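Here are the chains, one letter per residue:
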Amino acid sequence: MRFVLREAEKIVCALLFLGMTAVGFANVVVRYGTHYSLAASEELLTNGFLLLTVFGAAIAARRGEHLAVTLVQDLLPPVLRRPLFMLAAALSALLLALSARVSWDVLVNLHANGMRSYALGIPAWYYQAAVPFGFALILIRYLQHVREALRGGPHRLPPETPHV
């Protein structure tokens, strides 16, 4: 069970990618075999890419491989690097929490208004349901990275020695 919790986003990404590959392949076969296209494939693949992006970002956040600009941090005196890291971490956490909240509001709105998807005609909120949880997962994984960095783990802060 611990493995599943630790690697949840990797499992989700692998299953999503496998499913998206199957849908894309089936669409190509049907298109070349019948000169028609599977109408739902675009809808499924577009929403699959959205989920793949969100859960992939959680993987990157946990590893400390998220997009970061460290030019200012690298130019600062060593004594100021940790406070800047903490400020950046707090602002990043706030942004992720707000993203989770906004995507939750979108989910609630889609559920309330009864909007349906254009190809399959299923409730549109089905596609949105995992997004707020994905942002919450990114937030959790990012905070795990921050904790490790502050403790001096594998993703520790840059050394506090001046550049020569």
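Residues numbered from 1 in each chain as written. Predicted model: local features only at pLDDT ≥ 70, side-chain atom pairs only at ≥ 80, totals over all residues. Heavy atoms only, no water.

The name given to the protein in an unreviewed UniProt entry is TRAP transporter small permease protein, with the source organism recorded as Rhodovulum visakhapatnamense. The annotation that UniProt attaches to the protein under Function (unreviewed entry) is "Part of the tripartite ATP-independent periplasmic (TRAP) transport system." (UniProt positions renumbered as here; feature names shortened; annotations may be inferred.)

Next up on the list: the packing of helix α5 (residues 78-113) against helix α7 (residues 130-151). Two elements in contact, α5 and α7, have axes separated by 8 Å at closest approach and are oriented at 165°. Classified by the interaxial angle, the pair formed by α5 and α7 is roughly antiparallel. Once α5 is placed against α7, the crossing between them reads as left-handed. Taken together, the residues that form the contact of α5 with α7 break down as 22 nonpolar, three polar and one charged. (Axes fitted to C-alpha atoms, helices over the stretch in contact; angles between N-to-C directions. Helix = DSSP H or I, 4+ residues; strand = E, 2+ residues; numbered from the N terminus. Parallel < 35°, antiparallel > 145°, perpendicular 65-115°, else oblique. Left-handed = near helix turned anticlockwise from the far one by under 90°. Nonpolar A, V, L, I, M, F, W, Y, C, P; charged D, E, K, R; others polar.)

With that out of the way, let us pick up the environment of W125. Looking at the secondary structure, you find W125 in helix α6 (residues 125-128). When its relative accessible area of 27% is taken as the criterion, W125 is described as partly exposed. For the pair W125 and M115, spaced ten residues apart in sequence, the C-alpha separation works out to 7.8 Å. W125 has contacts with L107, L110 and H111, leaving out every residue within four places of it along the chain. (Buried < 20%, exposed > 50% of the residue type's maximum accessible area, 1.4 Å probe, protein only. Contact = heavy atoms within 4.5 Å.)

Turning to the packing of aromatic side chains, a few remarks are in order. What the rule picks out here adds up to two aromatic pairs. A ring pair is formed by W125 and Y126, whose centres lie 4.8 Å apart and whose planes are at 90°; its orientation type is edge-to-face. Given the relative accessible area of 46%, Y126 is considered partly exposed. (Phe/Tyr/Trp six-rings, centres within 6.5 Å; stacked < 30°, edge-to-face > 60°.)

Attention now moves to the environment of A130. With respect to the helices and strands, A130 occurs in helix α7. Remark: the alpha-carbon pair of A130 and S103, spanning 27 residues in sequence, is separated by 9.4 Å. Leave out the neighbours within four places in its chain, and A130 touches L51 and F55.

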